[in-house]
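Coordinates in review
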Amino acid sequence: MNPSSLYDVAIVGGGVAGLCLSIQLARENYKVILFEKEKYPFHKVCGEYVSMESWNFLESLGVPLSEWKLPHIRRLLLSSPSGLSSGHDLPLGGFGVSRYTLDNYLAKLARASGVELRESTKVDHVEFAQDTFHVYSGSAKYSARLTCGAFGKRSNLDVKLKRGFVQKKPGKLNNYIAVKYHIRANLPSDQIALHNFENGYSGISQVEDNKYCLCYMTTAANLQNCNNQITQLEKNIVRQNPFLNSIFEEAVFLYDTPVTIAQISFDKKSPLENHLLMSGDAAGMVTPLCGNGMSMAMHGSKIAYIEIDRYLQGKITRFEMESAYQDKWNNTFHARMVAGRSIQKLFGKRRVTDVFLRTMKILPGVATSLIKKT
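Residues numbered from 1 in each chain as written. Predicted model: local features only at pLDDT ≥ 70, side-chain atom pairs only at ≥ 80, totals over all residues. Heavy atoms only, no water.

Observations regarding the overall build of the protein
Summing up its helical and strand segments, the protein has 12 helices and 17 strands in all. Here the protein holds 374 residues, and the buried ones make up 55% of them. Taking all contacts inside the protein whose residues are at least 6 apart in sequence as the whole, residues at least 24 apart take part in 72%. Of the accessible surface of the protein, which amounts to about 16400 Å², a share of 49% is contributed by carbon and sulfur atoms. (Helix = DSSP H or I, 4+ residues; strand = E, 2+ residues; numbered from the N terminus. Buried < 20%, exposed > 50% of the residue type's maximum accessible area, 1.4 Å probe, protein only. Contact = heavy atoms within 4.5 Å. Areas by Shrake-Rupley, 256 points an atom, 1.4 Å probe, with all protein chains shown as cover.)

Observations regarding the packing of helix α1 (residues 16–26) against helix α3 (residues 99–113)
At a minimum axis distance of 9 Å, the contact between α1 and α3 shows a crossing angle of 25°. The angle between the axes of α1 and α3 places the two elements in the roughly parallel class. Seen from above, α1 lies across α3 with left-handed handedness. Each of Val16, Leu19, Cys20, Ser22, Ile23 and Ala26 in α1 lies in contact with α3, whose residues at this interface are Arg99, Leu102, Asp103, Leu106, Ala107, Leu109, Ala110 and Ser113. In terms of residue class, the contact of α1 with α3 is built from 10 nonpolar, 2 polar and 2 charged. (Axes fitted to C-alpha atoms, helices over the stretch in contact; angles between N-to-C directions. Parallel < 35°, antiparallel > 145°, perpendicular 65-115°, else oblique. Left-handed = near helix turned anticlockwise from the far one by under 90°. Nonpolar A, V, L, I, M, F, W, Y, C, P; charged D, E, K, R; others polar.)

Focus: α3
The periodicity of an α-helix, 3.6 residues per turn, causes residues three or four positions apart to be oriented the same way. Over its 15 residues, α3 runs 20 Å from end to end, which matches the ideal 21 Å to within 8%, given 1.5 Å per residue. For α3, the complete set of buried residues consists of Arg99, Leu102, Asp103, Asn104, Leu106, Ala107, Leu109, Ala110 and Ser113. Here the buried face of α3 lies against α1, α2 (55–61), β6 (116–118) and α9 (293–312). Phi turns positive one or two residues past the end of α3, at glycine 114, with a value near 105°. (Expected span 1.5 Å × (residues − 1).)

Considerations on unusual backbone geometry
Looking along the chain, the bond that leaves tyrosine 40 and enters proline 41 is cis, with omega of -10°. One can find proline 41 in the loop between β2 (32–35) and β3 (49–51). The phi torsion at asparagine 29 lies on the positive side, around 70°, for a residue other than glycine. Tracing the backbone shows asparagine 29 in the loop between α1 and β2. In this structure, asparagine 210 is a non-glycine residue whose phi angle is positive, near 60°.

What about the nonpolar core?
By size, the foremost hydrophobic cluster in this structure holds 71 residues, and its most contacted members are Leu58, Leu102, Leu106, Met298 and Ile308. Here this core takes 10 residues from α9, the largest share from any one element. In this structure, Tyr216, Ala220, Leu233 and Ile237 belong to the second largest nonpolar core, which totals 19 residues. (Core = buried A, V, L, I, M, F, W, Y, C linked by side-chain atoms within 4.5 Å.)

So, α1
For α1, the tally of buried residues reaches 11 of 11 residues, placing the bulk of the element in the interior. Of all the residues in α1, the buried ones are Val16, Ala17, Gly18, Leu19, Cys20, Leu21, Ser22, Ile23, Gln24, Leu25 and Ala26.

Concerning the pairing of strand β8 (residues 132–137)
Burial analysis of β8 places 5 of its 6 residues in the buried class, which makes it a mostly covered element. Here strand β7 (residues 125–129) hands over to β8 after 2 residues, with glutamine 130 in that stretch at a positive phi of 50°. The pairing of β8 with strand β9 (residues 140–149) spans 5 bridges and is classified as antiparallel. Looking across to β9, one finds that serine 137 is bridged to alanine 140. A loop of 2 residues connects β8 with β9, the two strands running antiparallel in sequence, and glycine 138 in this loop sits at a positive phi of about 60°. (Pairing = 2+ DSSP bridges.)

Observations regarding the pairing of β7
Across 5 bridges, β7 lies against β8 in antiparallel orientation. Residue alanine 129 lies in a different strand from β8, and its bridge partner there is threonine 132.

Regarding the pattern of salt bridges
Under the counting rule described, the total for this entry stands at 11 salt bridges. Its salt-bridge partner being arginine 118, residue glutamate 116 comes within 2.6 Å of it at the nearest N-O pair. Across the pair aspartate 131 and arginine 318 runs a salt bridge, and its minimum N-O distance is 3.0 Å. Of this pair, aspartate 131 sits in the loop between β7 and β8 while arginine 318 sits in helix α10 (residues 318–344), placing them 187 residues apart in sequence. Taking relative accessible area as the criterion, arginine 318 reaches 8% and is therefore assigned buried. Members of the salt-bridge network, linked through shared partners, are Lys44, Arg99 and Asp103. (Salt bridge = Lys/Arg side-chain N within 4 Å of Asp/Glu carboxyl O.)

Next up, the structure:
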C-alpha cells in the first residue's frame with residue numbers, strides 16, 4: 001500500500017454528524033475523506049428543529065447562524081388525533097433551519113478545512129483487515145486507519161454489516177415511513193407543534209426564509225392500507241387531526257412532491273459495529289416526539305472526535321478508543337432514547353393521547369419533566 005494513499009479517517013455519510021466530525025478532524029490536520037451518495041445541496045427528511053445547546057458549537061465551526069436570522073422556537077404545542085391540545089414552554093428552546101441550507105454550508109466548511117469530499121459517491125462495502133479499513137465504491141478502493149459510519153436512518157451498509165435492527169421482522173418500532181414538505185403558512189414562528197393522528201404524528205416548525213417544515217411519520221401499514229398512495233394516506237388518516245386538516249387546507253406547498261423515506265427503525269442500535277464508530281442516526285435514532293435528533297448528531301460527533309484524536313495521537317489503543325466511545329455515547333444518550341421509546345407508546349392512539357394530554361394540562365410539572373428528559 002502506498003502510504004500517501006492511506007487516510008487517517010474515512011467517513012461514510014455526509015449529513016450533520018459526518019460533516020461536523022470531518023471538519024473537527026481536518027482542522028487538526030488529519031487526512032479525512034468523506035463519502036456522500038447525494039450532491040449538495042439537497043433536501044432530506046428531517047424535522048429541522050435544533051435545540052439551543054448546539055448554537056455555539058455550530059458557530060464555532062463557522063456556520064453564521066446569527067446572520068441567517070433564524071426563527072427562535074420557545075413553545076411546544078401537542079395535539080391528539082381528536083384535536084385536544086396542550087401548550088408548553090420549552091425551557092431550553094431551539095431554532096429552525098433546513099437541512100438543505102445547513103448541510104450545504106457545512107459541506108463548504110468541510111472542503112475549506114481540507115476534507116476530501118466525494119459527492120455522488122455510494123459506498124458499497126467496508127471491510128476491516130490487518131488494522132486497516134478498506135472502503136469500496138464501484139471499482140475504487142480507499143484505505144484508512146479509521147472509518148466512521150454516519151449514513152443516516154438506513155443504508156445498504158446496515159444490511160451488509162448484518163446489524164440487529166435490520167434482521168428483525170416488521171414491528172412497532174422498526175417499520176415507519178416519513179414524509180416532508182416545505183410550506184408557507186400562517187403559524188406562530190416561535191412554536192414547534194407535534195400533531196398526532198392514528199399511528200403517527202407530524203412536526204411543524206419554521207425554518208429560514210419564513211418557510212415551515214412539515215414532516216410526518218407513520219407506520220408502513222398505514223400507507224399500505226391506503227393503497228400505498230401518499231395523497232390517500234393524508235386524506236384518510238393524517239388530516240383526521242383537525243389541526244393538520246386546517247394546515248393542509250390553507251398552506252401553500254412549495255414543491256411538487258414531498259421528500260420521503262421508508263423502513264425507518266427506532267429499534268436499539270449499537271454505536272460500534274465491526275470496529276466502525278457509528279454516529280448520528282446510524283448509532284441510534286431518537287423518536288420524533290423527543291426531537292433533538294440533529295443536536296444529538298452534533299454532540300455525538302464531538303464525542304467521536306475526542307476519542308479519535310486520542311487514538312490517532314497514539315495516546316490510547318484502538319480497543320480503548322472503541323470502549324470509551326461506546327461508554328460515552330451510551331452515558332450521554334441512552335436515557336433519552338429509552339424515554340423517547342416509552343413516550344412514543346403514549347401517542348398515536350386517540351384515547352390514550354387524549355388522556356395523556358389532559359394529564360399534562362392538570363399536572364404541568366409532568367410535561368416539564370418529560371420535556372427535560374427528551
